[in-house]
Amino acid sequence: MSSRALRRLERQRESTTPEVPDEEVKNEPPAKPAVNQFAFLGALSDEEVDSNDEKEEVVAEQPEIGIAPPERPSTSRKKNKKKKKKQQQKEKVETNDDDDDLDTFLEQVRQRDQATSKNASVKVDDDESGNEEDFEAIYDESEPPIAYTGSNFLYFTTSRLKQCLPLLSISTPKNLDPDNELKNLFGKLSLEAIDDANSTTSLSISPEVLAQFKKLARLTRGWGGRDRRSVPGTSRKLLLSTIKDDYLPTSQKQVNMEELTAEDIVETWRYKEDTETYAFLSQKVKAEAKLGVRYFKFSKVPSVSDRVANSRFYASVVMTPDPDALIQLLQQNPYHVETLLQVAMVFLRQGNNKATSMALVEKCLFVFDRSFNKRFHELLSEGNSELIRLPYESYMNRQFYLCIFRIITGTAERSTFYTALNYCRFLWGLSPAEDPLGVRYFIDHYAILSEEFQWLVNVANSPLISTYTQWYTPGIAFSEVLALLHLGRKEEARRSLKRAFSAHAYCAYHLLESVGLASKIPVSLSDTYQDDYVILASETYLVRAPILWKDQVHRQFLHDELMQLFGEYKKVNTGSWLGKFFGKKSEPSVIPINLVRFAILSGENKVLAKMPEKIFSRDDVFEYDVIPPKDTSASYDVFTGVSNAGGATDSLANYLDHNIIAAIVQNRTGAEFDELLDTLNLEEAQAAEEGQQQ
């Protein structure tokens, strides 16, 4: 209802019930103003409403007579215009006053309702937060660091996760673009130079074929665009990659992506056989969702060509390793994710061709980039990467993890360390607690090289590191000391070094030798506690430490402080110094799976040399999928094709075709193999047709 209608209604009420004595009421004739009731419904035009308003104004001004005065015939149009203009000005003044009063009243009502609503919502939020505190109270009350227990890292509670979210954010997807970092380092680059770099081909390709690709790009609607970030089928732009000239234009995606439901997430956690109930895990999922956390899953596009490519890849990597067959497979399937990553490593190891290797990895990243879910794309484009989760149980999710890991290595080779650091944040944020590829063992390296010292100090003192004892890695421990020295906070660096020394005495001993250049250490190496985990974890930092500790002043500080700490250690207890701080360890520590994965994927010979031999005797140590998680309730036979589709995990074996594998094993001729493919294509077409009829 408009303010004008409310005003008329109020005047009508005042005119019908005037506040006068009873005697005056008896002697005064009743007022009968003419009111058009349809005006309240908006049925009249503006001119009719205005004319009625004018009549009502005249009636209101003559209460003692009770009737409207007759209209006087006008003698000229000019007089009527002047009279009407004066009347409208008078009405406008009264209307403004009434509107101001009405607006003031409505504003008071709105504020009152808003305050009531706010109090109600606060009460609900308080109740919900109280429930969250209740269901995780037993874990929140425990004082970190905590010895590793369980596989779902329940002591890394929702409240502790909330503290860490800003540390995992990339702020903007531009921080994942190495071109953006190069602009900041060397000034504004010309568009021609950037375009020339982005158009570089990943493999040697003839000019004729390249010309055909460019022609197809013009014919494929929505391919590339001026910014090289447009793909057919969506208006969203690529965020992590650009389209190069040798990318085969196609409107079909090779990978799909979907958002997981709360039930899917809980089932993914339950297979790990934790002691907590389904209800508890459901509450944890809801608490994370309240923070804005979303879970996603990549999946392969079901098709005959993809099953053939998967089977041929499996035969060329697992059954009989054949690099030439892999390259041939890549030529026939230019967007097959596993082949792109594996051939990239072939070029890197055999020919040390880093440029071609990195180009193939970027092409793999493009395959994932164009398949991003709409919600995933929104979170990443807004810089909220800390809210994205990709469960490592999904095989294609693991391929994305591996792709990002290779991107980090490649960007570091180009000395774009800030971009590498942001990719580390992105990779870590995909699963902060599990950290399946061991980002905690190498992120400090890129933080120091990119001079993000304060960020590293904040991370080292956050629940991302302090919740569990094994999360406080040697790299984080000693790099925090170096970051504090760069910030000029020497006393804090001294305290931090003492903490790092108490947790990693074995690493401190070797660091004093290699970086501090000490020749006469007060104790021997055998006096420090060491097992397979301690040796392997220490080596992941020691292999990179000399690159970080370059300043002679910092080296001297490290030498003096460590010599003093080892001297104090000798005085206290030569044989069991660690026992004084943490208690005597009765059995060796278990090597975390993420440390094993990082050691294998890093390719560092010194690190691999410290690996226990029993790890290499496992049957699931493949470079394309290092020690994947397994749901023991699900099984799959490559040759029979029998599988349990209800398992929480999957692997490459779930996407193979046993007929193709059998054909490869029997070394069938090319004609027989082509006949088999024709049969499979026919079966797929018939199945699709039956599905449409149903």
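How each quantity is defined
Residues numbered from 1 in each chain as written. Predicted model: local features only at pLDDT ≥ 70, side-chain atom pairs only at ≥ 80, totals over all residues. Heavy atoms only, no water. Helix = DSSP H or I, 4+ residues; strand = E, 2+ residues; numbered from the N terminus. Buried < 20%, exposed > 50% of the residue type's maximum accessible area, 1.4 Å probe, protein only. Contact = heavy atoms within 4.5 Å. Areas by Shrake-Rupley, 256 points an atom, 1.4 Å probe, with all protein chains shown as cover. Salt bridge = Lys/Arg side-chain N within 4 Å of Asp/Glu carboxyl O. Pairing = 2+ DSSP bridges. 1 Å grid on protein atoms, 1.4 Å probe; cavity = no way out; pocket = protein on both sides within 12 Å on 5 of 7 lines; lining within 4 Å. Points joined across faces, edges and corners; volume = space filled by probe spheres on them. Nonpolar A, V, L, I, M, F, W, Y, C, P; charged D, E, K, R; others polar. Expected span 1.5 Å × (residues − 1). Core = buried A, V, L, I, M, F, W, Y, C linked by side-chain atoms within 4.5 Å. Domains from an automatic or database assignment. Axes fitted to C-alpha atoms, helices over the stretch in contact; angles between N-to-C directions. Parallel < 35°, antiparallel > 145°, perpendicular 65-115°, else oblique. Left-handed = near helix turned anticlockwise from the far one by under 90°.

Asker: What am I meant to see in the overall build of the protein here?
Answerer: Helix and strand counts for the protein come out as 33 helices and five strands. By residue count, 45% of the 694 residues in the protein fall in the buried class. The contacts of the protein with a sequence gap of at least 6 include a subset with a gap of at least 24, amounting to 72%. A total accessible area of about 37,100 Å² is found for the protein, and carbon and sulfur atoms account for 50% of it.

Asker: Sorry if this is basic, but what is going on with the pattern of salt bridges here?
Answerer: Taken as a whole and assessed by the stated rule, the structure comprises 26 salt bridges. Where aspartate 227 meets lysine 237, a salt bridge forms, and the shortest distance between an N and an O atom there is 3.4 Å. On the criterion of sequence distance, the pair formed by aspartate 227 in the loop between α9 (207–219) and β1 (255–259) and lysine 237 in the loop between α9 and β1 is long-range, its members being ten residues apart. For lysine 354, the salt bridge is made with glutamate 413, and the minimal N-O distance between the two is 3.2 Å. Here lysine 354, found in helix α15 (residues 354–369), pairs with glutamate 413, found in helix α17 (residues 395–413); they are 59 residues apart in sequence, far enough to count as distant.

Asker: Could you clarify how one ought to interpret unusual backbone geometry in this entry?
Answerer: The phi torsion of most residues other than glycine is negative, and most of the peptide bonds are trans. Following proline 144, the chain continues into proline 145 via a peptide bond in cis, with omega recorded as 0°. Secondary-structure assignment places proline 145 in the loop between α5 (137–140) and α6 (158–168).

Asker: Please explain the sheet that holds strand β2 (residues 294–300) as it appears in this structure.
Answerer: For sheets, the rule is that strands pair by backbone hydrogen bonds, running either parallel or antiparallel. Overall, mixed pairing links the three strands, which are arranged β1-β2-β3 in an open sheet. With partners counted over all chains shown, the strands left at the sheet margins are β1 and β3 (388–389), one partner each.

Asker: Any chance you could explain empty space enclosed by the protein here in plain terms?
Answerer: One way to see where empty space is left: roll a probe the size of a water molecule over the atoms. All told, the structure shown has four cavities of 30 Å³ or more when counted by the stated rule. Here the largest cavity is characterised by a volume of approximately 340 Å³. Taken together, 25 residues form the lining of the largest cavity, with Trp269, Glu288, Tyr295, Ser431 and Ala433 sitting closest to its centre. When residues of the lining of the largest cavity are traced back to their parent elements, those giving at least two are α6, α10 (262–270) and α11 (278–291). Broken down by element, the residue count for the lining of the largest cavity peaks at three residues, all from α10. Classifying every residue of the lining of the largest cavity by side-chain character gives 13 nonpolar, six polar and six charged. Here the second largest cavity defines a volume of roughly 70 Å³.

Asker: For this particular structure, what's the right way to read helix α18 (residues 417–429)?
Answerer: Residue pairs three or four apart in sequence face the same way in an α-helix, which turns once every 3.6 residues. Along its 13 residues, α18 runs 18 Å from first to last C-alpha, staying within 8% of the 18 Å computed at 1.5 Å per residue. The element α18 is extensively covered by neighbouring structure, given that eleven of its 13 residues are classed as buried. What α18 keeps buried is the set Thr419, Ala420, Leu421, Asn422, Tyr423, Cys424, Arg425, Phe426, Leu427, Trp428 and Gly429.

Asker: So what exactly am I meant to see when it comes to the nonpolar core here?
Answerer: Of all hydrophobic cores here, the largest spans 156 residues; its most connected members are Phe368, Leu380, Phe400, Phe426 and Trp549. Considering every element that reaches this core, the biggest residue donor is α17, with eleven residues. The residue makeup of this core includes at least three contributed by each of domain 1 (152–437) and domain 2 (449–575 + 592–617). When neighbours within four sequence positions are excluded, phenylalanine 368 is seen to be in contact with Val255, Phe298, Val337, Met396, Gln399, Phe400 and Cys403.

Asker: What should I look at first to understand helix α23 (residues 490–503) in this one?
Answerer: With 14 residues, α23 should cover 20 Å at 1.5 Å per step; its first-to-last C-alpha distance of 20 Å lies within 8% of that length. Taken together, the buried positions of α23 are occupied by Ala493, Ser496, Leu497, Ala500, Phe501 and Ser502.

Asker: Help me understand the layout of surface pockets, please; the structure alone is not making it clear to me.
Answerer: A volume near 1,100 Å³ is recorded for the second largest pocket. Around the second largest pocket, the lining comprises 35 residues; the ones closest to its centre are Leu348, Thr409, Glu413, Ser602 and Glu604. For the lining of the second largest pocket, the secondary structure elements donating two or more residues are α14 (337–350), α15, α17, α19 (443–449) and α29 (593–602). Looking at the lining of the second largest pocket element by element, the count peaks at seven residues for α17. When residues of the lining of the second largest pocket are sorted by domain, at least three fall in each of domain 1 (152–437) and domain 2 (449–575 + 592–617).

Asker: Where do I start with the side chain of threonine 540 in this structure?
Answerer: Mapped onto the secondary structure, threonine 540 falls in helix α25 (residues 532–542). The residues contacting threonine 540, other than those within four sequence positions of it, are Tyr441, Leu595, Phe598 and Val607.

Asker: Any chance you could explain the packing of helix α13 (residues 323–332) against α14 here in plain terms?
Answerer: Between α13 and α14, the shortest axis-to-axis distance is 10 Å and the interhelical angle comes to 130°. It follows that α13 is oblique to α14 by the angle criterion. Crossing angle aside, the handedness with which α13 passes α14 is left-handed. Residues Pro323, Leu326, Ile327, Leu329 and Leu330 of α13 form the contact with α14, whose own contacting residues are Thr339, Leu340, Gln342, Val343, Val346 and Gln350. The class makeup of the residues in the contact of α13 with α14 is eight nonpolar, three polar and no charged.

Asker: Quick question: what am I supposed to make of the packing of helix α20 (residues 453–460) against helix α22 (residues 474–486) here?
Answerer: Axes are the key here: two packed helices are described by the angle between their axes and the distance separating the axes. Closest axis-to-axis distance for the α20/α22 pair is 9 Å, and the angle between their directions is 140°. When the interaxial angle is binned, α20 and α22 end up oblique. Note that α20 runs across α22; the crossing there is left-handed. For the pair α20 and α22, contact is made by Phe453, Leu456, Val457 and Ala460 and by Ile476, Ser479, Glu480, Ala483, Leu484 and His486, respectively.

Just distances and angles here, no functional claims.
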